[in-house]
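Listed here are the chains, written in short residue letters.
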Amino acid sequence: MLPSVLLCARPLSTILGFTRPLANFTTHMAPNRPVEGAIRTKLTQQLEPEHLEVHNESHMHAVPPGSESHFRVLVVSPRFEGLSLLQRHRLVNETLAEELRTCVHALAIQAKTPQQWFSNPSLAKSPPCLGGSKGDHTVEEKLKAGSD
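Residues numbered from 1 in each chain as written. Predicted model: local features only at pLDDT ≥ 70, side-chain atom pairs only at ≥ 80, totals over all residues. Heavy atoms only, no water.

You'll find the protein chain entered in an unreviewed UniProt entry as BolA-like protein 1, with Esox lucius given as the organism. Per UniProt, the comment on the protein chain under Function (unreviewed entry) is "Acts as a mitochondrial iron-sulfur (Fe-S) cluster assembly factor that facilitates (Fe-S) cluster insertion into a subset of mitochondrial proteins. Probably acts together with the monothiol glutaredoxin GLRX5. May protect cells against oxidative stress." (UniProt positions renumbered as here; feature names shortened; annotations may be inferred.)

Caption draft 1: Region of the structure containing the sheet that holds strand β1 (residues 51–56). With mixed pairing, the 3 strands of this open sheet are ordered in space as β1-β2-β3. Each having just a single partner strand, β1 and β3 (106–112) make up the two edges of the open sheet. The sheet shows a mean angle of 10° between the axes of neighbouring strands, taken without regard to direction. Strand direction decides the pairing type here: strand β2 (residues 70–76) and β3, joined by 7 bridges, are parallel. Opposite Val75, over in β3, you have Ala111 as the bridge partner. In the packing of helix α4 (residues 85–95) onto the sheet, contacts are made with β2 and β3, and the angle to β3 comes to roughly 125°. (Pairing = 2+ DSSP bridges. Helix = DSSP H or I, 4+ residues; strand = E, 2+ residues; numbered from the N terminus. Axes fitted to C-alpha atoms, helices over the stretch in contact; angles between N-to-C directions. Contact = heavy atoms within 4.5 Å.)

Caption draft 2: Highlighting the pattern of salt bridges. All chains considered together, the criterion is met by 5 salt bridges. In this structure, Lys42 engages Glu99 in a salt bridge whose closest nitrogen and oxygen atoms are separated by 2.8 Å. With a gap of 57 residues between them, Lys42 in helix α3 (residues 34–47) and Glu99 in helix α5 (residues 97–102) connect regions that are remote in the sequence. The buried category is assigned to Lys42, whose relative accessible area is 15%. It is possible to trace a salt-bridge network through shared partners that takes in Arg33, Glu36 and Arg40. (Salt bridge = Lys/Arg side-chain N within 4 Å of Asp/Glu carboxyl O. Buried < 20%, exposed > 50% of the residue type's maximum accessible area, 1.4 Å probe, protein only.)

Right, here's the structure in full:
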């Protein structure tokens with residue numbers, strides 16, 4: 001497993017300011033998506049899900065291209081049987097404690113039992129990002145619309 005410093009790093013081309021991808025650059029995990037790979041691996045090992053979706057939603061936020069900082073996960077696991085929603089979220093958060101402590105800024109969680117998934121197999125949509133918008137002149141309108 002890569003050290004957490006490497007897992008949280010942006011693509012090398014972004015850090016060094018290259019305008020094209022580096023040739024012959026590989027990692028042991030999915031290239032350019034080490035955090036997503038770590039999330040997928042840890043949730044699979046700890047929760048043995050029947051269904052798992054890991055979505056990198058960083059592109060929807062004010063972060064550099066290629067970032068891995070905002071995620072949405074859908075975990076369907078029998079391990080959630082008999083647990084409250086809060087207990088399920090805690091279990092996911094504990095599983096991803098290192099990522100949450102180091103490089104994941106936001107994690108949206110849907111934690112369902114297989115029966116809940118069978119009755120409603122859907123993934124909730126994320127709201128639009130309102131942060132990091134210094135150059136966005138529509139922010140006042142967005143904030144006003146959100147408070148109405």
